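Observations on chain architecture
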Amino acid sequence: MGLQGYVIDAEGEYERIPDRVNKAPAFCQILRAGLPDLPLALASWKFPSFHGGFPWAAFRQHVDLDMPQVYWISAHN
């Protein structure tokens, strides 16, 4: 496939679904099984503190990199 890595762009879906603390690692385990040699990254919100319902720890146990999204337009911080 020519992949050099895989970035999980997880946001609101994982704040709203039931049992998200178990579904996030299950998804990551499936990815890891299919892509055992590639780095996995999590790309999500710029301010994790605004998204307390998101399963941050569940994802971070299974990814190699954290890639917070940066919004350049109208971003003043």
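Let's shift gears to the pattern of salt bridges. One pass over the structure, following the stated rule, counts 2 salt bridges. Across the pair R32 and D64 runs a salt bridge, and its minimum N-O distance is 3.0 Å. On the criterion of sequence distance, the pair formed by R32 in helix α2 (residues 20-34) and D64 in the loop between α3 (56-60) and β3 (65-66) is long-range, its members being 32 residues apart. The closest approach of N and O atoms between R60 and D66, which form a salt bridge, is 2.6 Å. Judged by relative accessible area, which is 39%, R60 ranks as partly exposed. Classification of D66 as partly exposed rests on a relative accessible area of 39%.

So, on to the packing of aromatic side chains. By the definition in use, this model includes 5 aromatic pairs. Note on W45 and W56: the rings are 6.4 Å apart at their centroids and 65° apart in plane angle, and the pair reads as edge-to-face. Of the two residues, W45 is situated in the loop between β2 (40-43) and α3 and W56 in helix α3; the sequence distance between them amounts to 11 residues. For W45, a relative accessible area of 14% gives the class buried. Exposure remark for W56: the relative accessible area of 11% places this residue in the buried category. One aromatic cluster in this structure is built from Y14, W45, F54, W56 and F59.

Cut-offs used in this document
- Residues numbered from 1 in each chain as written.
- Predicted model: local features only at pLDDT ≥ 70, side-chain atom pairs only at ≥ 80, totals over all residues.
- Heavy atoms only, no water.
- Salt bridge = Lys/Arg side-chain N within 4 Å of Asp/Glu carboxyl O.
- Helix = DSSP H or I, 4+ residues; strand = E, 2+ residues; numbered from the N terminus.
- Buried < 20%, exposed > 50% of the residue type's maximum accessible area, 1.4 Å probe, protein only.
- Phe/Tyr/Trp six-rings, centres within 6.5 Å; stacked < 30°, edge-to-face > 60°.

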